[in-house]
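# Commentary on secondary and tertiary structure
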Amino acid sequence: MSLSEIATNDMHGEKSAYFDGWKAYDRDPFHPKKNPKGVIQMGLAENQLSFDLIEEWIIKHPEASICTPEGISQFKDVAIFQDYHGLAQFREAVAKFMGKARGGRVKFDPDRIVMGGGATGANEMIMFCLANPGEAFLVPSPYYPAFDRDMRWRTRVEILPVECKKSNNFQITKQALEDAYQKAQEQNVKVKGLIITNPSNPLGTTMNRETLISLVSFINEKNIHLVADEIYAATVFSSPQFVSVAEVMKEVKCNPDLIHIVYSLSKDLGLPGLRVGIVYSYNDAVVSCGRKMSSFGLVSSQTQHLIASMLSDEEFVDNFLVESSKRLGKRHEIFTEGLAELGINCLESNAGLFVWMNLQHLLKEHTPEGEMELWHVIIQDVKLNVSPGSSFHSSEPGWFRVCFANMDEDTVYVALKRIKKFAGNGQKEGAPAKAKRWKNNNALRLSLSSRIYDETVMAPTMIMSSPHSPMPRSPLVRART
């Protein structure tokens with residue numbers, strides 16, 4: 001007997017190279033001792049650089065957990081049924097944290113916070129609230145590959161990419177929006193809104209105030225919604241500072257009912273496993289409908305209790321935000337300088353957990369097919385799971401998103417060592433034949449002065465499995481024997 005069409009259709013996006021990279025890693029995960037030649041996971045946008053700060057806080061505050069002797073007195077009150085509005089202290093703490101993550105320049109109302117199962121659940125929830133099947137949202141490209149799953153798969157809402165190019169550092173322009181909107185009109189597609197990611201995934205850049213004002217003016221003129229995904233708000237590590245859409249609403253005439261923010265604690269706090277997603281809407285009807293829909297993706301009351309305690313500690317929060325930013329900046333510097341010494345450039349960025357790496361000079365041909373051929377070599381021979389730009393709907397072949405915050409520093413140097421061996425002219429005997437075909441003596445220098453660790457002498461690190469795909473084997477990437 002066949003399964004339902006909504007469960008089995010192709011709109012999940014699992015056939016994307018983004019997910020195929022995960023599957024390749026799942027089959028052959030790197031471990032410094034158990035599997036030093038395995039695939040290094042550089043496709044996971046996860047912030048593991050400040051776990052020690054959270055662990056230290058938890059040790060000092062055992063009462064924050066209902067599963068400890070110090071917190072057991074709260075067990076019954078937390079474990080019984082909770083209304084889908086969420087614990088009041090949880091919403092208050094998250095609202096305050098959202099303000100701090102935006103430099104204290106804007107305040108958020110706890111009564112406008114709606115819970116979702118991570119940003120994935122929050123994104124789907126806001127789509128269900130705002131659009132009917134067949135209606136569409138404009139999304140500047142390149143954009144996060146799983147938006148196709150999160151926003152389209154079950155809602156049947158369409159995503160229309162708005163092309164952004166390197167010629168202006170992939171910034172969105174009002175003219176590009178006008179062109180995309182007009183094209184949709186000509187095709188009789190109803191545009192219900194615009195989705196932006198700020199800071200950007202995969203670019204690692206922040207939108208300036210003028211751009212945000214332009215976007216708010218655009219959606220107000222068209223009377224369509226603006227959904228601002230701001231889940232990387234506190235990952236900014238250098239200037240310019242992050243500007244939230246909540247700030248520019250004060251500076252431009254607009255209908256607040258059209259503005260909605262998606263947030264989570266997955267990136268800024270590095271807690272994706274706790275599945276804390278937030279929809280913050282200035283529209284009363286959306287808040288009301290969203291709370292009803294949140295029944296299908298609530299944050300557990302135990303998690304709410306812990307998070308409320310942690311985020312209510314202002315001294316901890318202030319210190320965490322400063323230290324996390326500092327550590328992200330240092331890691332970004334280590335990785336980008338290591339690449340630069342190999343002649344590999346990245347888009348200049350100031351936020352996020354990744355870089356947008358330019359390998360156009362290594363393409364055999366400047367086509368999507370050329371990009372995929374290079375990506376196959378990187379996955380299969382170099383054993384790095386980086387994500388090709390085409391999976392982010394980039395119109396310019398040769399760009400790759402590379403994550404740097406989900407591993408220890410030693411693993412970063414192992415990755416740089418592999419890139420050096422692959423891309424440079426210092427190929428050792430026995431190097432993969434395919435990699436040799438990409439050597440570029442003129443473009444790359446092999447003066448990498450940073451320490452490069454041997455892959456066999458590193459400290460153990462955590463093995464990560466894919467949270468995205470249940471399939472054990474990839475139809476695209478085949479492991480070599």
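The following paragraphs examine the structure supplied in this document. The model shown is predicted, which means the values in this text are computed figures rather than measured ones. (Residues numbered from 1 in each chain as written. Predicted model: local features only at pLDDT ≥ 70, side-chain atom pairs only at ≥ 80, totals over all residues. Heavy atoms only, no water.)

### Some points on the pairing of strand E10 (residues 354–358)
Applicable threshold: The rule is simple: take the accessible area with a 1.4 Å probe, protein chains only, and divide by the maximum for that residue type; under 20% is buried, over 50% is exposed, in between is partly exposed. Runs of H or I in DSSP of at least four residues are treated as helices and runs of E of at least two as strands, each being numbered from the N terminus. The pairing criterion is simple: DSSP has to find at least two bridges between the two strands.
The element E10 is extensively covered by neighbouring structure, given that five of its five residues are classed as buried. Residues of E10 alternate between two faces, with Phe354, Trp356 and Asn358 on one and Val355 and Met357 on the opposite face, all of them buried. By the bridge criterion, two bridges tie strand E9 (residues 345–346) to E10 in an arrangement that is antiparallel. Counted as the bridge partner of Cys346 is Met357 from E10. Examined bridge by bridge, E10 and strand E13 (residues 399–403) share five bridges and lie antiparallel to one another. When the bridges of E13 are listed, Phe354 appears paired with Cys403.

### Observations regarding empty space enclosed by the protein
The following threshold applies: Only protein atoms enter the 1 Å grid, on which a cavity is a set of points fitting a 1.4 Å probe that cannot get out and a pocket is an open set with protein on both sides within 12 Å along at least 5 of 7 lines, lining residues being those with an atom within 4 Å of a point. Grid points are joined across faces, edges and corners, and a volume is the space filled by probe spheres set on the points.
Considering all chains together, one arrives at one cavity of 30 Å³ or more under this definition. As a volume, the largest cavity reaches approximately 80 Å³.

### Side note on the sheet that holds strand E6 (residues 225–229)
Convention followed: Simply put, an axis is a line fit to the C-alpha atoms, just over the touching stretch for a helix, and the angle between two N-to-C directions goes from 0 to 180 degrees. By definition, residues are in contact when any of their heavy atoms lie within 4.5 Å.
With respect to topology, seven strands assemble into an open sheet ordered E2-E8-E7-E6-E5-E3-E4, the strand pairing being mixed. Here the strands that pair on one side only, and so sit at the sheet edges, are strand E2 (113–117) and strand E4 (158–163). On average, each strand axis in the sheet is inclined to that of its neighbour by 25°, with strand direction left out of account. Note: E6 against strand E7 (residues 259–264), four bridges, orientation parallel. Along E7, the bridge assignment pairs Leu226 with Ile259. Across the sheet, helix H9 (residues 209–222) touches strand E3 (136–141), strand E5 (191–197), E6 and E7, and the angle it forms with E5 is around 165°.

### Brief notes about the environment of Ile261
Looking at the element boundaries, Ile261 is found in strand E7. Put simply, Ile261 and Ser244 are 17 residues apart on the chain and 9.2 Å apart in space, counted from C-alpha to C-alpha. Filtering out sequence-adjacent residues up to four positions away, Ile261 remains in contact with Arg102, Phe108, Ala228, Glu230, Ser244, Val245, Ala246, Ile278, Val279, Tyr280 and Tyr282.

### Comments concerning the nonpolar core
Here is the rule: Definition of nonpolar core: a set of buried residues of the types Ala, Val, Leu, Ile, Met, Phe, Trp, Tyr and Cys, connected through side-chain atoms within 4.5 Å.
Counting residues in each nonpolar core, the largest one holds 148 residues, and the members touching the most others are Met42, Phe108, Leu138, Leu311, Phe335, Ile378 and Leu384. Once residues within four sequence positions are removed from consideration, Met42 is found in contact with Phe335, Leu384, Asn385, Val386, Arg401, Val402, Cys403, Met407 and Ala415.

### Things to note about the side chain of Glu135
By the secondary structure assignment, Glu135 is in the loop between helix H6 (118–130) and E3. Classification of Glu135 by relative accessible area gives buried; the value is 10%. Ignoring sequence-local partners within four residues, the contact set of Glu135 consists of Val157, Glu158, Lys190 and Lys192.

### A closer look at the pattern of salt bridges
For the record, the criterion: Definition used for salt bridges: Asp or Glu carboxyl oxygen within 4 Å of a side-chain nitrogen of Lys or Arg.
If you walk through the whole model with that rule in mind, you get 25 salt bridges. Between Arg152 and Glu158 there is a salt bridge, with its nearest N and O atoms 3.9 Å apart. Residue class for Arg152 comes out buried when judged on its relative accessible area of 17%. Residues participating in the shared-partner salt-bridge network are Asp52, Glu323, Lys326 and Arg327.

### What about the environment of Asn220?
Mapped onto the elements of the fold, Asn220 is located in helix H9. By relative accessible area, which is 26% here, Asn220 ends up partly exposed. Measuring from C-alpha to C-alpha, the distance between Asn220 and Leu258 comes to 7.6 Å, with 38 residues separating the pair along the chain. Look past the residues within four positions of Asn220 in its chain and what remains in contact with it is Lys253, Cys254, Asn255 and Leu258.

### Structural notes on unusual backbone geometry
A cis geometry characterises the amide bond from Ser141 onward to Pro142, with omega recorded as 5°. With respect to the helices and strands, Pro142 occurs in the loop between E3 and helix H7 (147–152). With an omega of 0°, the peptide bond between Ser239 and Pro240 qualifies as cis. Its identity as a non-glycine residue notwithstanding, Phe170 has a phi of 60°, on the positive side.

### Notes on the packing of helix H14 (residues 368–382) against helix H15 (residues 409–423)
This is how the line gets drawn: Roughly parallel refers to an angle under 35 degrees, roughly antiparallel to one over 145, roughly perpendicular to one between 65 and 115, and oblique to any angle outside these ranges. Crossing handedness: left-handed means the near helix sits turned counterclockwise from the far one by under a right angle, and right-handed means the same turn made clockwise. For this classification, the nonpolar set comprises Ala, Val, Leu, Ile, Met, Phe, Trp, Tyr, Cys and Pro, the charged set comprises Asp, Glu, Lys and Arg, and every other residue, Gly included, is treated as polar.
In the contact formed by H14 and H15, the axes pass within 11 Å of each other and the chain directions differ by 120°. Looking at the two axes, H14 sits oblique to H15. For the pair H14 and H15, the crossing hand works out as right-handed. For the pair H14 and H15, contact is made by Leu374, Val377, Ile378 and Val382 and by Arg418, Ile419 and Phe422, respectively. Its residues placed into classes, the contact of H14 with H15 shows six nonpolar, no polar and one charged.

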